[in-house]
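# Coordinates in review
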Amino acid sequence: MKNEIVVGLDDSPSASAALHWAAQHARSTGAVLRAVHALDWPYGASSTESRHQINPIEPTRVDDSYRDAITAVFEAVSPSPDWVLEFVHGYAGESLVFLSKHAELLVVGTREHVGLGRLLVGSVSHYCLRHAACPVVAVPIPAPLETESAESEVESPESALLGA
C-alpha cells in the first residue's frame, strides 16, 4: 500500500471540502496527495471507447478555462511539491476506485442528489464507498455559517432569565 491519498476533484463545493480535508490529512501523515479530475463528457461521447477505460488526459487537451478552474481549486490548498493534479478520461467513480486501489485512502465529497437527479447523475461517493479496495472518507459540504443578524435574533440564556 502506497502512502498516497487519492481525492476526487471538480469545481463543486463538496469536492473543495474533500480536497481541503484530504490536504490537511496528507500534511499530518506525510502522505502524497493525488487529486483526480475525471472527464467522461465530451470525451466519453465516442462510441468506440468503453465506459470502463481510464486513460490519462494531457492537460493541454482540456479547454484552458476549464483546466484553469480545476487547477485553481487544487492550488487553493497550497499543494506540496510532490502532490499532483491529474486529469483522466473515464467515469469518475470507476476512475477513482481504480486509481486508489493501492492508496492508503480515498477521499470524496458528497452531494445531495435526490429523486430523479440521483437516478440520472448517480452518486460517485456511493460508487466509491461500495467498490473501493481502500478506506473511503466521504466529506460533506460544510454547513452555511450563521450571520451575525441571525445570531442577534436568538435570545441568550441570560436575557431570557432577566426578561430582557
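You'll find the structure just up there.
Let us look at the structure shown here. Given the structure is predicted, the values throughout are model-derived calculations rather than measurements.

### Overview of the packing of helix α3 (residues 92-99) against helix α5 (residues 124-131)
Where α3 meets α5, the axes come as close as 8 Å, and the angle between the chain directions of the two elements is 35°. Two packed elements cross with a definite hand, and for α3 against α5 that hand is right-handed. The residues of α5 that touch α3, namely those facing A92, G93, E94, L96 and V97, are V124, Y127, C128 and H131. Residue composition of the contact of α3 with α5, grouped by class: six nonpolar, two polar and one charged.

### Things to note about the environment of L39
For L39, the location among the structural elements is in strand β2 (residues 32-39). The buried category is assigned to L39, whose relative accessible area is 5%. Excluding anything up to four places from it in sequence, L39 contacts I57, V62, Y66, F87, V88, H89 and G90.

### Points about helix α1 (residues 13-29)
For α1, which comprises 17 residues, the first-to-last C-alpha distance of 24 Å matches the rise-based estimate of 24 Å (1.5 Å per residue) to within 8%. Close packing links the buried residues of α1 with β1 (4-8), β2, α2 (64-75), β5 (105-109) and β6 (136-139). Phi turns positive, to about 75°, at G30, one or two residues after α1.

What counts and how
Here the residue numbering is sequential within each chain, running from 1 through the sequence in written order. Restriction of local features to residues with pLDDT of at least 70 applies here, the model being predicted, together with a cutoff of 80 or more for giving and counting side-chain atom pairs; totals for whole chains, interfaces and linings are based on all residues. Side-chain calculation: all heavy atoms of the structure are included, whereas hydrogens and water are not. Axes, fitted as lines to C-alpha atoms, cover a helix only where it is in contact. Angles between the N-to-C directions of the axes lie from 0 to 180 degrees. Numbered from the N terminus, helices here are DSSP runs of H or I no shorter than four residues, and strands are runs of E no shorter than two. For any pair of crossing helices, the crossing counts as left-handed if the nearer helix is rotated counterclockwise from the farther one by less than a right angle, and right-handed if it is rotated clockwise. Note on contacts: a residue pair qualifies if any of its non-hydrogen atoms lie within 4.5 Å across the two residues. Think of it as three bins: nonpolar holds Ala, Val, Leu, Ile, Met, Phe, Trp, Tyr, Cys and Pro, charged holds Asp, Glu, Lys and Arg, and polar takes everything else, Gly as well. Only protein chains enter the accessibility calculation, which uses a 1.4 Å probe; a residue is then buried when its area is under 20% of its type maximum, exposed when over 50%, and partly exposed in between. Expected span of a helix: the number of residues minus one, times 1.5 Å.

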